[in-house]
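Notes for the structure review
Next come the chains, spelled out residue by residue.
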Amino acid sequence: MQPAVRYSPDVETVTLDEPQVIRALSDTLRDILETTSRDYGHAVRAVHAKSHGILRGELEVLPDLPAELAQGIFAKAGRYGAIIRISTNPGDLLHDSISVPRGLALKVIGVEGKRLDGAEGRNQDFIFVNGPAFPAPDPAAFLKNLKLLAKTTDRAEWAKRGLAAVLRGAEKALETVGGASATLQTLGGAPNVHPLGETYYTQTAFRFGDHIAKLSLEPASDSLTRHAGRIIDTRGRPDAIRETVAADMQTGDAVWNLRAQLCRDLDRMPVEDPSVLWDESLSPFVTVARLHVLAQTGWTEDSAELVDEHMRFSVWTGVQAHRPLGAINRARREPYRMSADFRSAFNGCPIHEPARQDTT
């Protein structure tokens, strides 16, 4: 196996049009925010607006990791409080029959290390989606996808539900011939799977101490793996996903493996194009920590009020040792902060970094 690539600032390449594209991303997200806040009389996230699971847990960093994996917050064994938010990606609050990709945001509480510029508090955020590759190779393509998503905002929900059914059929047809469409899945063609059974990926690259890596959360306990591939019945249940998560998280303790995939070849495992799947035969995912969540109600109005209204999750909340890398991550920084600031101002509700995981 090739040695892990050493991190240096020159692994990133900024294109001339990047600032302009990022401004357009902010404008598109603001359009979504203004539309939904006008409709609801309340501001929600511009993406991943609807939470389906709010969990408290503990991240256990494993002892005796190899030197190339004992990096950043994983440099020494320990335990940290954690807050988990499970969501889906649209910026409006939809009936759960409109099936779209699942997201999982993890906030690790009280980490040590030099902070990223502008990163408040002492926490480390990781953002995951239930697919290994990002649906766009660069910010310009990301912007096109976001504009498509924005066009569905403020449309009649019955039309969205019909569109989702059509797109799921189109996606299934593609899969039968060995293909898949990230755009169709983003717009409502993703299978309506149980979020507790899914494997999640950062999709984009991050600094991993001296190295570069992508991360993944993999179900490890039977309480999670038994839901792999399970389709949730949403008929007559607009909040079917959170109802299912709330009930199923009460049946037993849950464990995920937090895994790192080290970059070993910048040509075959590029930093700037997250749509390229990193070859696991070249560099497999290796477990560096375990996320433990005791049996609990998986979603409550009180916990959602605290996490959805008072917290932000951002790849740019964290330490320098896990700096987000690549154009897509750079494009997330200002638009996502703008989104959080818009919510805070519109709702008159300060957003802050929690000091304990039992905030929820």
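What comes next concerns the included structure.

The rules behind these values
- Residues numbered from 1 in each chain as written.
- Predicted model: local features only at pLDDT ≥ 70, side-chain atom pairs only at ≥ 80, totals over all residues.
- Heavy atoms only, no water.
- Helix = DSSP H or I, 4+ residues; strand = E, 2+ residues; numbered from the N terminus.
- Buried < 20%, exposed > 50% of the residue type's maximum accessible area, 1.4 Å probe, protein only.
- Contact = heavy atoms within 4.5 Å.
- Core = buried A, V, L, I, M, F, W, Y, C linked by side-chain atoms within 4.5 Å.
- Pairing = 2+ DSSP bridges.
- Phe/Tyr/Trp six-rings, centres within 6.5 Å; stacked < 30°, edge-to-face > 60°.
- Lys NZ or Arg CZ within 6 Å of the ring centre and 35° of its normal.

Here the focus is the overall build of the protein. Counting its secondary structure elements, the protein contains 8 helices and 9 strands. Here the protein holds 360 residues, and 57% of them are scored as buried. Taking as baseline every contact in the protein between residues at least 6 positions apart, the subset at least 24 positions apart corresponds to 79%.

In this section: the environment of Ala119. By secondary structure assignment, the location of Ala119 is in the loop between strand S3 (102–108) and strand S4 (124–129). Given a relative accessible area of 13%, Ala119 falls into the buried group. For the pair Ala119 and Gln320, spaced 201 residues apart in sequence, the C-alpha to C-alpha distance is 9.8 Å. With near-sequence residues (within four places) excluded, Ala119 lies in contact with Trp316, Thr317 and Gly318.

The next point concerns the nonpolar core. Of all hydrophobic cores here, the largest spans 41 residues; its most connected members are Phe74, Leu106, Phe128 and Trp256. Every element with two or more residues in this core is listed here: strand S1 (51–61), strand S2 (78–88), S3, S4, strand S7 (211–219), helix H6 (240–248), strand S8 (254–262) and strand S9 (286–293). A per-element tally of this core places S8 first, with 5 residues. Once residues within four sequence positions are removed from consideration, Leu106 is found in contact with Ala82, Ile83, Ile84, Gln124, Asp125, Phe126, Phe128, Leu291 and Phe313. Of all hydrophobic cores here, the second largest spans 20 residues; its members include Val21, Ala24, Val47 and Ala331.

Right, let's talk about the environment of Gly318 for a bit. Counting through the fold element by element, Gly318 comes out in the loop between helix H7 (301–310) and helix H8 (327–347). Given a relative accessible area of 0%, Gly318 falls into the buried group. Residues Gly318 and Lys114 lie 204 residues apart in sequence; the distance between their C-alpha atoms is 8.6 Å. Setting aside residues up to four positions removed in sequence, Gly318 forms contacts with Arg115, Leu116, Ala119, Asn123 and Gln124.

Another point: the pairing of S8. Two faces make up the sheet, and in a regular strand the side chains alternate between them. Where burial is concerned, most of S8 is hidden: 9 out of the 9 residues are buried. Neither face of S8 is exposed, since Ala254, Trp256, Leu258, Ala260 and Leu262 on one face and Val255, Asn257, Arg259 and Gln261 on the opposite face are all buried. As paired elements, S8 and S9 share 7 bridges and run antiparallel to each other. Note on S9: the bridge partner recorded for Trp256 is Leu291.

What follows concerns the packing of aromatic side chains. Counted according to the given criterion, the structure contains 6 aromatic pairs. Above the ring of Trp299, the side-chain terminus of Arg242 is found at 3.9 Å from the ring centroid.

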